[in-house]
Amino acid sequence: MVGLSTAWFLQQRGVRVTVLERSGVAAGASWGNAGWITPAMAIPLAEPAVLRYGVKALLDPSAPLHVPVRVDPGLWSFLLRFAARCTGRTWRKTMAALVPLNVQALDAYDELETDPGLSVRLSGGPIIAAFREGDHADGLLAEFEHIHEAGLELDFSEVPVGQIRDLAPVVSSEVSRAIRIDGQRFMNPAEYVAGLADAVRARGGEIREGADVRGLRHGPGGIAVDLVGAAPVLADAVVLATGAWLPTLARQYGVRTSLRAGRGYSFSVAQPEDERTVRHPIYFPHERIVCTPLGDTGRIRLGGTMEFQPTDAPLAVPRIESIVANAEPLIEGLDLSDRQDQWVGARPVTVDGLPLVGPTNAPGVWVHGGHGMWGMCQGPATARLLAEQMTTGTTPAALRPLAPTR
Ligand SMILES: Cc1cc2nc3c(=O)[nH]c(=O)nc-3n(C[C@H](O)[C@H](O)[C@H](O)COP(=O)(O)OP(=O)(O)OC[C@H]3O[C@@H](n4cnc5c(N)ncnc54)[C@H](O)[C@@H]3O)c2cc1C
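Residues numbered from 1 in each chain as written. Predicted model: local features only at pLDDT ≥ 70, side-chain atom pairs only at ≥ 80, totals over all residues.

Draft legend 1. Highlighting the site of the ligand. Near the ligand you find 36 residues, and of these G28, N33, G243, G264 and G375 are the closest. Elements supplying a minimum of two residues to the shell around the ligand: helix 1 (2-12), strand 1 (18-21), strand 14 (259-270), strand 18 (340-350) and helix 10 (375-392). (Near = placed C-beta within 6 Å. Helix = DSSP H or I, 4+ residues; strand = E, 2+ residues; numbered from the N terminus.)

Draft legend 2. Unusual backbone geometry, seen in detail. Residues other than glycine seldom take positive phi values, yet A26 does so here, at roughly 60 degrees. At R288, a position not held by glycine, the phi torsion is positive, near 55 degrees. Examined against the element boundaries, R288 turns out to sit in the loop between strand 15 (282-284) and strand 16 (289-293).

Draft legend 3. Looking closely at the sheet that holds strand 20 (residues 365-369). The sheet built from three strands is open, its strands ordered 13-20-19 with mixed pairing. Looking at strand neighbours, the two that pair on one side only are strand 13 (238-240) and strand 19 (356-359), the edges of this open sheet. Geometrically, the sheet is characterised by an average inter-axis angle of 25 degrees between neighbouring strands, direction not taken into account. (Pairing = 2+ DSSP bridges. Axes fitted to C-alpha atoms, helices over the stretch in contact; angles between N-to-C directions.)

Draft legend 4. Here's a closer look at helix 9 (residues 317-327). Among the residues making up helix 9, those that are buried are R319, I320, S322, I323, N326 and A327. The buried residues of helix 9 occupy an angular sector of 160 degrees when projected down its axis, which confines them to one face. Structural note: helix 9 exposes V317, P318 and E321 on the side pointing more than 90 degrees away from its buried face. Looking at the buried residues of helix 9, the elements they touch are strand 3 (65-66), strand 14, strand 16, strand 17 (299-307) and strand 18. (Buried ≥ 20, exposed ≤ 12 C-beta atoms within 10 Å, placed from the backbone. Arc of directions from axis to C-beta. Contact = placed C-beta atoms within 7 Å.)

Draft legend 5. View of the packing of helix 4 (residues 88-112) against helix 10. Helix 10 packs onto helix 4 with a crossing angle of 85 degrees between their chain directions and a minimal axis gap of 7 Å. As judged from the angle between their axes, helix 4 and helix 10 are roughly perpendicular. Residues L101, Q104, A105, A108, Y109 and L112 of helix 4 form the contact with helix 10, whose participating residues are C377, Q378, P380, A381, T382 and R384. Looking at side-chain class alone, the contact of helix 4 with helix 10 contains eight nonpolar, three polar and one charged residues. (Parallel < 35°, antiparallel > 145°, perpendicular 65-115°, else oblique. Nonpolar A, V, L, I, M, F, W, Y, C, P; charged D, E, K, R; others polar.)

Draft legend 6. Seen up close, the pairing of strand 7 (residues 177-182). The pairing of strand 5 (residues 127-131) with strand 7 spans five bridges and is classified as antiparallel. Note on strand 7: the bridge partner recorded for F131 is R177. Summarising the sheet, strand 6 (residues 155-159) and strand 7 pair through five bridges and their orientation is antiparallel. Along strand 7, the bridge assignment pairs V159 with A178.

Draft legend 7. Region of interest: the environment of E149. Within the secondary structure, E149 is located in helix 5 (residues 137-149). E149 sits in the exposed class, given 10 other C-beta atoms within 10 Å. It is 38 Å that separates the C-alpha atoms of E149 and P116, two residues lying 33 residues apart in sequence.

Draft legend 8. Main features of the packing of helix 1 against helix 10. Packing of helix 1 against helix 10 brings their axes to within 8 Å, and their N-to-C directions diverge by 40 degrees. One finds that helix 1 runs oblique with respect to helix 10. Along this stretch, helix 1 crosses helix 10, giving a crossing that reads as right-handed. Facing helix 1, whose interface residues are V2, S5, T6, F9, L10 and Q12, helix 10 presents G375, G379, P380, A383, R384, L386, A387 and M390. In terms of residue class, the contact of helix 1 with helix 10 is made up of eight nonpolar, five polar and one charged. (Left-handed = near helix turned anticlockwise from the far one by under 90°.)

What follows is the structure, encoded as structure tokens:
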């Protein structure tokens, strides 16, 4: 999402682009995520409650947060620095840097969607946050208050108990309280990202799949991008947008902010066969599970989990099973045993909770990534800002805190 958005917004400013992708379009985290374009909810991960919750989760193998108990000094150093940031003060500071991105998020999508070559559209409609225990909603409401204080508009309201199942027809009778969040959007991510790739191609961009970048070389004719098993590609400027794999190529260019894979899992199940079709995303904040209807595919995606394992570690079936076990009491009318598309994806999580967007210390080498939980939502907005910076030489105010060499 982030690389293709960069390509599209550079094209918007008249730049000729080639996208090099070692696998296929939407091969990384941009495939099986929840597809929520919910700027009102795109907040820093590090906050006091996460710290309290994280300590508990360490002792519970089925918890949605999973940290392997193994000797990985790099990971423990990352987690300790992350934990030190779980304070209200740091949350407010990080949030202040995210607000300008969130404010622009939907507008950047609106601009993308003016492209006649883009065949996909975001869906609108409320997100329904559902709770088993009524007082579990208090945490979310307190969070909304902080978001509001930080300067983001938030349109939410209590759903009368009798109407919960009209909006979220598959929640079980265990759900006793729900809050709707309006003004947000969602997508089927794989479909949207493929559509964006087609739009980039339709405007004359080249997308080379199977192009595995192994390094860059500065020379008299520009920057040579070396590929595994293929001739180098020559460019005037290069944007590294390799998601959770970013450190491999970017560290040598002064990008030192620690970035780890915060892996999430998802799978899809069929929509109910009766009239209970799910039309809006459903969120179970207490269990940290999300459900998103996948357009007209007839399927619903369920996802969750934050697992700190190596980026390319294989999918761990117990993590899927823990999502199922946590979701089962809250859902009815969906067959959670008949799962397809079981998937793990690596969120690019920076230790300070801010994306990395801007120049590196090497001429012509730029970085765009590190959006963590919110790359689908914020990617186009930061792409637009980066394209402005690259083509005008002026740093937009919103990008200052995101400098990759900070
Ligand atoms: C379960 C889950 C749910 C999520 N839900 C949401 C959500 O609802 N809303 C939201 O905004 N975000 C969500 N996210 C986060 C979001 O998915 C990520 O922030 C976003 O996809 C990151 O996009 P990206 O383009 O930076 O990385 P990726 O999508 O991972 O893309 C990086 C690409 O770089 C390629 N690559 C890597 N190295 C090389 C190389 N050397 N040469 C060539 N190519 C290379 C990879 O193949 C990959 O395709 C979720 C994530 C997960 C895991």
